[in-house]
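# Structural characterization, general
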Amino acid sequence: MDLLNTLVDKGLRREVPTRDEALAVLATSDDELLDVVAAAGKVRREWFGRRVKLNYLVNLKSGLCPEDCSYCSQRLGSKAEILKYTWLKPDDASKAAAAGVAGGAKRVCLVASGRGPTDKDVERVTETISTIKEQNEGIEVCACLGLLGEGQAERLRAAGADAYNHNLNTSEATYGDICTTHDFSDRVDTVQQAQSAGMSACSGLIAGMGESDADLVDVVFALRELDPDSVPVNFLIPFEGTPLAKEWHLTPQRCLRILAMVRFVCPDVEVRLAGGREVHLRSLQPLALHLVNSIFLGDYLTSEGQAGKDDLAMIADAGFEVEGTDTATLPAHRRDATDADAEPAAAPEATVPAPSEETRRDLVAVRRRGAGTDLPPNA
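Keep in mind that this is a model prediction, so the values were computed, not measured.

What counts, and at which threshold
Residues numbered from 1 in each chain as written. Predicted model: local features only at pLDDT ≥ 70, side-chain atom pairs only at ≥ 80, totals over all residues. Heavy atoms only, no water. Helix = DSSP H or I, 4+ residues; strand = E, 2+ residues; numbered from the N terminus. Axes fitted to C-alpha atoms, helices over the stretch in contact; angles between N-to-C directions. Left-handed = near helix turned anticlockwise from the far one by under 90°. Contact = heavy atoms within 4.5 Å. Nonpolar A, V, L, I, M, F, W, Y, C, P; charged D, E, K, R; others polar. Buried < 20%, exposed > 50% of the residue type's maximum accessible area, 1.4 Å probe, protein only. Lys, Arg positive; Asp, Glu negative; His and termini not counted. Salt bridge = Lys/Arg side-chain N within 4 Å of Asp/Glu carboxyl O. Polar contact = N/O pair within 3.5 Å; in protein donor to acceptor, adjacent residues only side chain to side chain. Core = buried A, V, L, I, M, F, W, Y, C linked by side-chain atoms within 4.5 Å.

Before going further, it helps to spend a moment on the environment of glutamate 137. Looking at the secondary structure, you find glutamate 137 in the loop between helix 5 (119-135) and strand 3 (140-144). In sequence terms glutamate 137 and threonine 251 are 114 residues apart; their C-alpha atoms lie 40 Å from each other.

Take a look at the structure:
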């Protein structure tokens, strides 16, 4: 297939595909799916071998968010029956993190609901970062606290935060359809603040919210322009009690095409399989490891993931290996790179496939264990 040969050649050269090529990946048929996975897998292995980085989420503060992001179970007005609690104490957060580290996680992601942190919140988180780093040698810490104010990124970096996560989620053109309390440019600004402070930028997307193929390509190309080191790809978890509860647009095959497209556009970036993989990829999760080089271990913020031991078994069964703390995730040229890539050319829009009428509410389980509870975490 000429398209795939071209994309592999470009990926091995770290060259950006055109928008037409990215759209064409999303338009491939199910009959071509394994060819698409194999092609993107060549690019993945060129830059990351067969290593899989494990990340572990600790939800420092759950629920009661004043923002109205339609996809989020913690949003303003959400009726989702999730765990709700205020800030975990640093020792409690460190204990939760330790469970993930014991399961093989190399990075701990500290997340808190809300528009953004107050200076007092940043002080809390810096203490938590210090505690985790003191108790877990070699562990990376990523903070995800919402929109950052002046000087906050620098304070987090000084406290030892290695990375900051703030996802773009969807295209700029459709961002107003999923959120009205802040806009796309606010998110871009926060990612850039984190980069300016010397933190590794982590920024990704959510697929399955009713967006078109063109929207998916737009947000991935916007991410490419921002040049984060890590791009988490989330698949919408349609929580009952949220505006997007009935948005069941994804199939396992479409999820794999989306991941392949991200890999071709971001060939040498840490592409992370994030929330919703169990819900939408289901038994095809192992195939995704040929496209991504990073996953979350165990549970997510407000939903349960598969057992950590099952994640480890899946990685081993698929012929991959867990990346250790003594191994650099990114290829050397990215760790030292300063040059930005050229801007890609524009391409015509594509249409989104018709959604399935089937719902799978049985696959969405509210988290009831780990941080904020008396029960042990899933790691």
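Now that the structure is up, let's keep going.
Our next topic: the packing of helix 9 (residues 213-226) against helix 10 (residues 252-265). For the pair helix 9 and helix 10, the least separation of the axes is 10 Å and the interaxial angle reads 35°. Classified by chirality, the crossing of helix 10 by helix 9 is right-handed. Contacts between helix 9 and helix 10 involve Asp213, Leu216, Val217, Val220, Phe221 and Arg224 from the former and Arg254, Ile258, Met261, Val262 and Val265 from the latter. Looking at side-chain class alone, the contact of helix 9 with helix 10 contains eight nonpolar, no polar and three charged residues.

With respect to the helices and strands, glutamate 211 occurs in the loop between strand 6 (205-207) and helix 9. No salt bridge is formed by the buried glutamate 211; its nearest oppositely charged neighbour, arginine 254, is found at 4.9 Å. Within the structure, glutamate 211 has its side chain in polar contact with the backbone nitrogen of glycine 208 (distance 2.7 Å). One polar contact links the side chain of glutamate 211 to the main-chain amide nitrogen of methionine 209, over a distance of 2.7 Å.

Before going further, it helps to spend a moment on unusual backbone geometry. A positive phi angle, near 60°, is found at arginine 14, a position not held by glycine. Mapping arginine 14 onto the fold places it in the loop between helix 1 (2-12) and helix 2 (19-26). Judged by its relative accessible area of 36%, arginine 14 is partly exposed. Positive phi values are uncommon outside glycine, yet aspartate 227 reaches one of about 60°.

Glancing now at the nonpolar core. Counting 104 residues, the largest nonpolar core has Val58, Leu156 and Phe235 as the members making the most contacts within it. For this core, the leading source of residues is helix 10, giving nine residues. Excluding residues that lie within four positions of it along the chain, phenylalanine 235 makes contacts with Ile206, Ala207, Leu250, Cys255, Ile258, Leu259, Leu273, Gly275, Gly276, Arg277, His280 and Leu281. Among the nonpolar cores identified, the runner-up in size contains nine residues, and Cys144, Ala163, Ala274 and Phe296 belong to it.

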